[in-house]
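Below, each chain spelled out in residue letters.
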Amino acid sequence: MELVDHEGPDTQLCAVVEQVGEITIKRALIPEPKRGEIRVKVKWVGICGSDVEVFRGAREPEFISYPTRLGHEVAGIVDKVAEGVIGVREGDHVALRYVWGAFSEYVCCSPFSVKVLPKSLPLLEGSLIEVLPGIIHAAELGDISPHKNVLITGQGVSGLVMTQVISLYSPRNLVVTDLFDEKLELARKYGATHTYKMPHEHANTMDIVGADFPDGFDVVIPCLLEGDGMVDAINATAQNGRIVMYGCIGTCRKPVDFFKIHKKRLDIFSTEPKRDIDNRRYFDQGLQLVMDGLVNTKEMITHIVPLAEVARAFQLRNQHKGDTIHVMVDCEVN
């Protein structure tokens, strides 16, 4: 996206992270879709945990450099279709996946990144469909069945969606942990059989849940940001169990005991679909779960902030508070 220093009908607002902890509004040219692309007028973008980590400076240089642009949980309306595009049409309501830098008024992308939404589904509820392919894939990798105990660490936005999806796989027990009562209350509503409030972010899970689950868990799905949570996940996994790394993809600065992984015979999986066809299938399944009322993507939205105030939105999302869960940025500029 080409930044400019003037306003005009061919320009738009966009957010730029200048350096760690500093996100500002800039002007950029409205992009034109190339052959085989569409342009989307962005309406809603959620602030993902990965956005927060970049804002905090918690990602390593090989992942990100500054200045940069953020935003990938997108819902909007197709406003221009270039030559070579079939299927997607101007006026379609869409959710986007694998599109970064969407805290702006317009973005261009290929149809591969697009999931057309029914117009009966409010766009506000459509933006979080972006997270569902990875979450459904995580559930499948967990090989969850009614005789298994599952642990999800962290009940942020993705953790709460994960709890809803995992509950559909009918585990024997679905155990979740978090720092805040408000999120644990939602988790119980979404199917958690046991909830545990962690005393602080560095607490060891087994110190809190071990009396009830002394052997650990058959499946552990960390939904925390920081990579250090993987050490805790290893400790909480039962013999012959598996860890599905939906979260904890940030830098891990604690020593990892690989002998413990070997001794326990643990399997560790990452969750992004490896095949394009699987990504599309999970995209379809995720939308269907929302349309069927089995996954609620609206209830966890606690704040809505206009694009012009994106710095305030990130300050809100960066706080550790129970009454701040999902912060949505309204990118429709009048």
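Just so it is clear, the model here is predicted, and its values are computed rather than measured.

> Before we go on, may I ask you to explain the overall build of the protein chain in this structure?
Scanning the protein chain from N- to C-terminus turns up 10 helices and 16 strands. Computed over C-alpha atoms, the radius of gyration of the protein chain comes to 20 Å, within 12% of the 20 Å expected from 2.2 N^0.38 for 334 residues, which places it in the range of a compact globule. In terms of overall dimensions, the protein chain has C-alpha extents of about 65 × 40 × 35 Å along its principal axes. Buried positions account for 55% of the 334 residues belonging to the protein chain. Long-range contacts, defined here as pairs at least 24 residues apart, represent 67% of the contacts in the protein chain between residues at least 6 apart.

> Which parts of the structure should I look at to understand the packing of helix H1 (residues 49–56) against helix H10 (residues 310–317)?
Packed helices, taken two at a time, are described by their axes: the angle between them and the distance between them. H10 packs onto H1 with a crossing angle of 100° between their chain directions and a minimal axis gap of 10 Å. Of the possible angle classes, the one that applies to H1 and H10 is roughly perpendicular. Every residue of H10 that contacts H1 at Gly 49, Asp 51, Val 52 and Phe 55 is listed here: Phe 314, Gln 315 and Arg 317. Broken down by class, the residue content of the contact of H1 with H10 amounts to 3 nonpolar, 2 polar and 2 charged.

> Help me out: how do you make sense of the sheet that holds strand E2 (residues 11–19) in this one?
As summarised here, the arrangement of the 3 strands in space is E1-E3-E2, forming an open sheet in which the pairing is antiparallel. Pairing within the sheet leaves two strands with one partner each, and these edge strands are strand E1 (3–4) and E2. Looking at chain direction, E2 and strand E3 (residues 22–29) are connected through 8 bridges and run antiparallel. For Leu 13, the partnering residue across the bridge sits in E3 and is Arg 27.

> Explain unusual backbone geometry to me, please; I cannot follow it from the model alone.
Note on backbone geometry: most residues besides glycine have negative phi, and most peptide bonds are trans. The residue after Tyr 66, namely Pro 67, is reached through a cis peptide bond having omega 0°. Turning to its location among the elements, Pro 67 is positioned in the loop between H1 and strand E5 (73–81). Its identity is not glycine, yet Asp 143 carries a phi of approximately 50°, on the positive side. Along the polypeptide, Asp 143 turns up in the loop between helix H3 (132–141) and strand E9 (149–153). Exposure remark for Asp 143: the relative accessible area of 43% places this residue in the partly exposed category. Despite not being glycine, Ser 170 has its phi angle at roughly 55°, a positive value.

Here is what the cut-offs are and how they apply
Residues numbered from 1 in each chain as written. Predicted model: local features only at pLDDT ≥ 70, side-chain atom pairs only at ≥ 80, totals over all residues. Heavy atoms only, no water. Helix = DSSP H or I, 4+ residues; strand = E, 2+ residues; numbered from the N terminus. Rg over C-alpha atoms; globule rule 2.2 N^0.38 Å. Buried < 20%, exposed > 50% of the residue type's maximum accessible area, 1.4 Å probe, protein only. Contact = heavy atoms within 4.5 Å. Axes fitted to C-alpha atoms, helices over the stretch in contact; angles between N-to-C directions. Parallel < 35°, antiparallel > 145°, perpendicular 65-115°, else oblique. Nonpolar A, V, L, I, M, F, W, Y, C, P; charged D, E, K, R; others polar. Pairing = 2+ DSSP bridges.

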